[in-house]
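# Structural features, examined
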Amino acid sequence: MLAVVLATVAPSCQKGYLDKSPLSGPSDETFFANQEELLLAVNGLYKYAAYTPLDGMPLNLTIDDGTDIGWDRNNSALQSIGKGNQDSNNTYAKDIWKEAYKVIAKCNFILDNLDKVKDKTTPAIFNRSKAEARFIRAYTYQYLIDYFGGVPLVTKMLKLEDTQIPKTPKAELADFIMKELTEAAPDLPNSYTGADVGRATKGAALATKARTALNNGKWQDAADAAKTVMDLKTYTLHNDFGALFSYAGQNSNEIIWAFQYLRASKTKTHATPTALLSRNGQGFSNKVPSQSLVDAYPCTDGLNIDESPLFDPKDPYKNRDPRLGFTIALPGSIYFNYQFETHRDSLKCWNYDTTPAKRVDNQEAINAFATFTGYCWRKYVDLADKPDRSNSELNVIQIRYAEILLIYAEAKNELNQLDQSAYDAINLVRQRPSVNMPAIASGKTPAEFRSLVRKERLYELAMEGFRQTDLRRWNIAEKAMTGNFYGRVQKGLVAAAPQIDENGLADYSAVPNRADMRVIEIRTFNKDRDYLWPIPNIEVVTNTKLIQNPNY
Amino acid sequence: MKFYDQFRAELSAWDSEQLIRIMRLIIIISIACLLQVSASTRAQKISLNEKSASLETIIRKIRNQTNYFFIGDTKLIRKANLIDINVKDVPLEEALNLCFSNQSLVYSIIDKTVVIKKKPLIFAPALIRQSILIKGKVTDENGGPLPGASVKIEGSAAAATTNSNGEFAIEVPDQNSVLLVSYLGYEIASIKVGNETFLNISLKPQKLDLNEVVVVGYGTQKKVNLTGAVSMVSGKDLATRPMGQTSAALQGMAPGVTVRQSSGRPGSDGGTIRIRGIGTITDPNPLVMIDGIEGSINNIDPNLIESISILKDAASSSIYGSRAANGVILVTTKRANNDQTSISYNNYIGWQDPTNMPKLVNALDYMLLINEAYANTGRTPLYSDALIQKYREQNGVSSDLYPNTDWQKETLTGSGLQQSHFLTIQGGTQKVKLLGSFGLLDQKGIIENSSFKRYTIRNNADITFSEKLKAKVDLQYVNAISTEPAASTDANIGSGEIFQWMNGIPANQIGITEGGQWGVGWNGTNPISVSRDGGTYRLRAPFGSINATVNYKPVEWLEAEAAYAPKYALSSNNRFKKAIQSYLPNGSPSFLTPALTSLNQSQTQSFFNNMRATVTASKTFNDHSLKFLIGGSREDYYSEWMSGYRDTYILPDYPILDGGSALNQTAKGSAEEWALQSLFSRLNYSYKGKYLLELNARYDGSSRFADGNKYGFFPSASAGWRISEEGFFNGLKNIINEAKLRLSWGRLGNQNIGIYPSITALMFESTALGKQITNTATLSAMANKNISWETTEEKNIGLDLTIFNNLSITADYYQRRTRDILLQLDVPLLIGLIAPFQNAGTVDNKGWELGIAYKGNVKDFNYNVSFNLSDVKNTIVDMKGINQTVNLTVNREGHAINSLFGYEAQGFFASDGEAVAHAKQFGTTKAGDIKYKDQNGDGLINESDKIIMGSTIPRLTFASSIGASYKGFDLAVLLQGVGKANGYVNGPGVLPFNVGGALGGTIREENKDRWTPENPNAEYPRLAFGESNNEQASTFWLRDASYLRIKNIQLGYTLPANLTKKLSINRLRVFANGSNVASFDRFLSGYDVEAPVGAGNIYPQVKLYSFGLEVTF
């Protein structure tokens, strides 16, 4: 008995008894033992770069709904940003900050430890992995500085005691991003095949550099980087603009970098269709385009609707830039196999899901929570997602060639180098076969061209996540985001075209029946504050060297 | 293992016949375990507990217990009267006197031989003439007969025992004779015979038992010798209330033990137990030891429990070292106590109702109010006047065109049947004693597909090999099965989500169409269809354990004990979520929610090993009494889990993995393990029974910490002074029977901070690249290799008093400080990793406790009243200067843990002008919006203007239990309450038009009292759609959460014994019970005052009305 007691009691007789290591995965100390582990870690970057700050949708598909062109019906932090009443606890801003720094830390973890496996890795894989991590880190900083301005620059894994870091000025960060991308680009291939599709390419690095340069007013860098991408000859515009945002366009040569999704085994999906779809299409219509965006699109003659003879207020969607219909589900069109009609007296509509088509109750007219504006987004809504609208595997484009062409055109103009190459770039975008808008003739003043290229970005890129930054870069946010946010006239049409300004912003003050337009919310924009988002309050509290953006 | 197989099969379809088969199985197995047991013991003290036993049997029993021989005429002995006797450790002669009192036989002892002879017929004539035959009946406090009670004549050897009806007959010399009636556990009654010839003698339960023993860590201690703060709760008190979970049954039972029950969800209706406040932030749950084995307080049927000891101060709990920082609860299960054979059965059946439900507006009101809110914020109204007119014309009725759905009525079933059955069989011999229990708890929820079933089998066996060697073998199998609608994938919310929807969806949405199809509800979310037809989440959590103990006592003063207790637990989850097709009124299909029917099945297996050994030496030298315990233990745990997922069930009637499509199937799994090894020791010293000293120490090694930090040392010391034993106290002794002063100090640890807190592992996951599955490895948390134990130091001073034998008072004051609290302090998000634990915090808990109990009687009316009251002040002393912000509940230096944090509301703006002139608030503020105080006067209301609004830790918790009995009737009432607490319901729970965080939800009737220019003194602010100003956390929404609740009332009646005897029933009691009968509080209407801080999306607490019976054969 005593022997049993002693054997149990004696703690030293079996030293290993208390040595337990995690059984679930390797520890951070022993990791990076071989090439396989390096690849696993780099693959993880792609998983986490594609986070979803709202409603299961990636960042770039949500953020335009906090601008003049869209609205989030949910009582969300993004809605607050749109309305101009965000505070320093705004969770949309906070989640983007938090998730972005998580991605950055994962990149830093690889970059700090990469050399451990240098001699166990083929040079090509080693160099590519390093460049991939640098690309994703730079890409992440790129949008962080768009929204927050200067942020702390973290390039190493941090210890708890090293976390009091002040802001690095935005311009310095832009230089850092561009330098990183310049250095990463040579080690990245032009393209991939098979299970590597979706990794960072040379084009993606250079395109991100061009975007960073443009957003930070470094016109020469922007033009140069864009030109380098154009000269790669890897990318061409997709002929069918509408199909580009559907499963049919997933492998297009226009796509420079896209988040990758796969439904099989619940690997990675996003919920975009549910949020965007109409009520008949069994979506929630909680992210919707504005009346002003609809009115911003020109007629097929290239003129704004308040100038064009082709515009008929009684048939307002006729003779319009085709991208209007490709971007937005318009009343009268077919959307997800239903006749889409949001006039409140259209109590019945056609359901083309069945053969022959059936007349059914029109939820867009009956349901109180049918789209408030009368329109829905069409990009990224593909009938193929019908079996599971909350789990789409449609890849989400982050960078595409049209953006590069427009960066080039805008930068050349800002550089005062408005040559034929700039006209060619913008016309290439306008004249892809499915769009076919009239070419812009040369001889424009810089101001005229500026107006054209800004509007072109709106027509081409609406809902893809550029508007937030564009409005701020152009200093027109306080005009675009103040006052009534309008939806359609619920039982009728806007009686006359609103005035469209040089940036494509609509002014309804002269519209005779503007009192019948649905006021969805009343917005304010404090130009002394809202050009930058608030730094999450928790960050200012925990990092005493970090100074909150003004007036939050 | 055959046993388990058979058992499982039995459980699937239980009925009474199978119950009997199971019981038979238990007994067979137990006996099989113990068959070879045989040895004889020699002792001079006799214990007997017999009913209607023959003298022959008695002789055999006495021979087994002594080395005496018996001589006598067998014929005579066989003719002797049957004997009822119940004695424990009495001298042989006393036992024999009782046995022969009613006989025509006499005995005499010669050397070690008992000689039995016929009683001589000749008595002294004087004696014959004067003696009186007295008959009588001895009963307990409820009037039940006490068979085997001893009746003696004062100053004489003559004695008698009562028969099975409690009746006795004895001859006394004269009318001045005094009878002394005694029975174990009751006070001795002395009755002067007087003129009566038939005496009804009712015994009172013993009030003050100096020998009352309290279970303490690794042993027992006489209550009078306790030096620490220990509260005792008897199993009897717990089992009288029809509570499914023992944790909830503990509410109000002991001072300093705060139990909060926030939900009535079947299977999750336990309470959170906090002993003396909250000492840590990560896991403030106390350690629960069931017969020495770490376990969960909720896996044990209250009927199994003999007693619960709650070790409150550091001195009494430090022997549990690194796990004791939040207090220790020791559960002792019932064992067979006598060689008595009995079967007892008790049950109850009852009905549940929610205690509170919010009242919601009808469709018409909803539409008018939301339009008002739209208009107030400059928006185009949501509903047209024409539509509203249609609703007016429809006048409250519901139709497909103009629905007016009562979501609560449609979703709640209106009844939740709850029943419990518990059977105990005990029997055995002096050498082998068995107690077998079988329990079934079956609890239906107040919504469809919500239930909890628990099957309990426990068999406790005591084996005596010899006076020196004893063993205990306990077997336990519990299977708890909880079922609820597969609503939320978040197990913490579970069916709470259904309550959120039934309280959130506006009445103008359709629940069920006129055609009888599921309506669309809220975007396809429909609590009616989800609860009735949405599939179920079923958790089966069976576990089996063996607790084997060998006890060896080679010499009187030395005792060694070794125990091995393996436990195997399985947790099997089955979430089958059915896609529900909702329909539009015209019958065309609308949302299919969720899009795919899916099954997520997971299993966790855990293996728990527990070995321990102790050696105890105790010795008394003259006035010095010493007891020394040393022991060691090892515990290790290994757990592994796996889960599988499939979706697209074409045939939803086959909810198994194979029934789904393989396309999206997933498999996941991982494992974890930990180990703890410890040395512990205790020294008790007492001088003259007056001065008491106790020292404890524990040395714990835990696998959770990195090398260098693995071991921790936890000492304690306590002392007691029994003032009442001092000479100078003699004069007071009749008034104050017992007075003891206690002082203690000790140090405790906490290691409950995750299994590998000092190591960070990368996570294996997968993602998509090139439309293929790609494996990934990710670092997501930050490690801190330097972390070590949390330590708690506690000082306690206490006083125990017993006054007039029936009033006892216990009072304690304590100060406890926890240092190096492992906290995940807010770290800058730019680290990009989940914050590591740091030894960063210091928290103080200071408090006092008072317990008063009184027992008394007026003739046959017995009553007892007990009252307890305690208070604790919790303060965070240090958090490394990092003040938490943002959240509604925060941890901040100088305030209690989880304090409520928000703006100070200053009423409503009286005019738009006032709103504009005030510091800038949130969004567009107008008259009727809540005004917040600009604490720092910077003209901007932001985070830095927030204040600590209140604390979520209840203070001044109290309870009172009142018991009374008269003849066969008994009444028990438990009142329980909190004197000071804050509650806070936010989000959809209280804000208008807010369902699940999105816009457009319904509004409570109460919120109609809103600010309008005509109603400036309203209860609630103006309706403002999509404006966040009034939704900010502020004192406006803070509520007083103090309460007094009639927690339980029970009225019972024990049928007269002479009636039940005819049915061969020893005791039969019937009772009616009400739980959570009424509550007096000032909380938000529609919510239970104990509801947790949050959006009110919880399954509400319930009332239960039940009836039951207890029967012993």
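Computed from a predicted model, the values in this text were never measured in an experiment. (Residues numbered from 1 in each chain as written. Chains lettered and ligands numbered in written order. Predicted model: local features only at pLDDT ≥ 70, side-chain atom pairs only at ≥ 80, totals over all residues. Heavy atoms only, no water.)

### Quick look at the interface of chain B and chain A
- Taken residue by residue, the interface counts 108 residues in chain B and 100 residues in chain A.
- Here chain B and chain A share an interface that buries about 8,700 Å² over both sides, 63% of which is from carbon and sulfur atoms.
- The largest contributions to the chain B side of the interface with chain A come from Lys771, Leu829 and Leu830 of chain B, which together make up 9% of the buried area.
- Counting every contact that joins chain B to chain A gives three salt bridges.
- Taking the shortest distance from any N to any O, the salt bridge between Lys710 of chain B and Asp19 of chain A comes out at 3.8 Å.
- Applying the counting rule to chain B against chain A returns 29 residue pairs in polar contact (both at pLDDT 80 or more).
- In terms of residue count, strand β34 (residues 661-687) of chain B provides more of the side of chain B that touches chain A than any other element does, 13 residues in total.
- Residues of the side of chain B that touches chain A, tallied by class, amount to 52 nonpolar, 39 polar and 17 charged. (Contact = heavy atoms within 4.5 Å. Buried area = accessible area lost by both parts, 1.4 Å probe. Salt bridge = Lys/Arg side-chain N within 4 Å of Asp/Glu carboxyl O. Polar contact = N/O pair within 3.5 Å; in protein donor to acceptor, adjacent residues only side chain to side chain. Helix = DSSP H or I, 4+ residues; strand = E, 2+ residues; numbered from the N terminus. Nonpolar A, V, L, I, M, F, W, Y, C, P; charged D, E, K, R; others polar.)

### Brief notes about a positive patch on the surface
- Residues Lys795, Lys846, Lys873 and Lys980 of chain B make up a contiguous surface patch of positive charge.
- Residue position: Lys980 of chain B is located in strand β50 (residues 969-980). (Patch = residues over 30% accessible without salt bridge, like charges linked within 9 Å, V, L, I, M, F, W, Y side chains within 5 Å. Areas by Shrake-Rupley, 256 points an atom, 1.4 Å probe, with all protein chains shown as cover. Lys, Arg positive; Asp, Glu negative; His and termini not counted. Charge placed at Lys NZ, Arg CZ, Asp CG, Glu CD.)

### Brief notes about the sheet that holds strand β11 (residues 189-192) of chain B
Residue and element names in this part refer to chain B.
- Reading across from one edge, β8-β7-β10-β11 is the order of the four strands in this open sheet, with antiparallel pairing throughout. Edge strands, defined here as strands with exactly one partner in the open sheet, are β8 (159-161) and β11. Averaged over all adjacent pairs, the angle separating strand axes in this sheet is 20°, with direction ignored.
- Examined bridge by bridge, strand β7 (residues 150-153) and β8 share three bridges and lie antiparallel to one another. (Pairing = 2+ DSSP bridges. Axes fitted to C-alpha atoms, helices over the stretch in contact; angles between N-to-C directions.)

### Structural notes on the packing of helix α10 (residues 363-376) of chain B against helix α11 (residues 385-394) of chain B
All names here are of chain B.
- Where α10 meets α11, the closest approach of the two axes is 9 Å, and the angle between their N-to-C directions is 155°. As summarised for this structure, α10 and α11 are arranged roughly antiparallel, according to the angle between their axes. Where α10 crosses over α11, the handedness of that crossing is left-handed. Contacts between α10 and α11 pair Ala363, Leu364, Met367, Leu368 and Asn371 from the former with Leu387, Ile388, Tyr391 and Arg392 from the latter.
- Each residue belonging to the contact of α10 with α11 can be placed in one class, and the counts come to seven nonpolar, one polar and one charged. (Parallel < 35°, antiparallel > 145°, perpendicular 65-115°, else oblique. Left-handed = near helix turned anticlockwise from the far one by under 90°.)

### Considerations on the confidence of the model for chain B
- For chain B, the average pLDDT comes to 87, and 93% of its residues sit at 70 or higher.
- Across residues 25-43 of chain B, where pLDDT falls below 50, the model places 33 contacts with residues more than four positions away in sequence or in other chains. (pLDDT = per-residue confidence, 0-100.)

### What to know about the pairing of strand β42 (residues 838-858) of chain B
Residue and element names in this part refer to chain B.
- Examined bridge by bridge, strand β41 (residues 807-823) and β42 share 15 bridges and lie antiparallel to one another. Among the inter-strand pairings, Ile809 is bridged to a residue of β42, identified as Ile852.
- Two strands pair when backbone bridges link them, and β42 and strand β43 (residues 861-878) are joined in this way by 17 bridges, in the antiparallel orientation. The residue bridging Ala853 from the neighbouring strand is Ser866, located in β43.

### Looking at the pattern of salt bridges
Residue and element names in this part refer to chain A.
- According to the stated counting rule, one finds 86 salt bridges over all chains in the structure shown.
- For the salt bridge of Arg128 with Glu132, the shortest nitrogen-to-oxygen distance reads 3.1 Å. On the criterion of helical spacing, the pair formed by Arg128 and Glu132 is a turn pair, its members being four residues apart in helix α6 (residues 123-148).
- Accessibility expressed as a relative area gives 11% for Arg128, which makes it buried.
- Given a relative accessible area of 0%, Glu132 falls into the buried group.
- One continuous salt-bridge network, built from bridges that share partners, spans Glu254, Asp321, Arg323, Lys379, Arg400, Arg430, Arg432, Glu456, Glu460 and Glu464. (Buried < 20%, exposed > 50% of the residue type's maximum accessible area, 1.4 Å probe, protein only.)

### Some words on the side chain of Asp283 of chain B
All names here are of chain B.
- Here Asp283 lies in the loop between β17 (272-275) and β18 (287-290).
- Here Asn752 takes part through its side chain, which lies 2.9 Å from a polar atom of the side chain of Asp283.
- Ignoring anything within four residues of it in the chain, the contact list for Asp283 reads Asn326 and Asn752.

### Thoughts on the environment of Arg1082 of chain B
All names here are of chain B.
- Note that Arg1082 resides in the loop between β56 (1067-1081) and β57 (1102-1112).
- Taking the C-alpha atoms as reference, Arg1082 lies 7.5 Å from Arg1039; in sequence the two are 43 residues apart.
- In contact with Arg1082, not counting residues within four places along its chain, are Arg1039, Asp1040 and Ser1042.
- One polar contact links Arg1082 to Asp1040, side chain to side chain, over a distance of 2.9 Å.

### Section: the environment of Ala497 of chain A
Residue and element names in this part refer to chain A.
- Topologically, Ala497 is positioned in the loop between β11 (483-489) and β12 (499-500).
- Looking at Ala497, the relative accessible area reads 25%, which means it is partly exposed.
- Remark: the alpha-carbon pair of Ala497 and Gln339, spanning 158 residues in sequence, is separated by 25 Å.
- With sequence-adjacent residues up to four places away left out, Ala497 is seen in contact with Ile305, Asp306, Phe311 and Val511.

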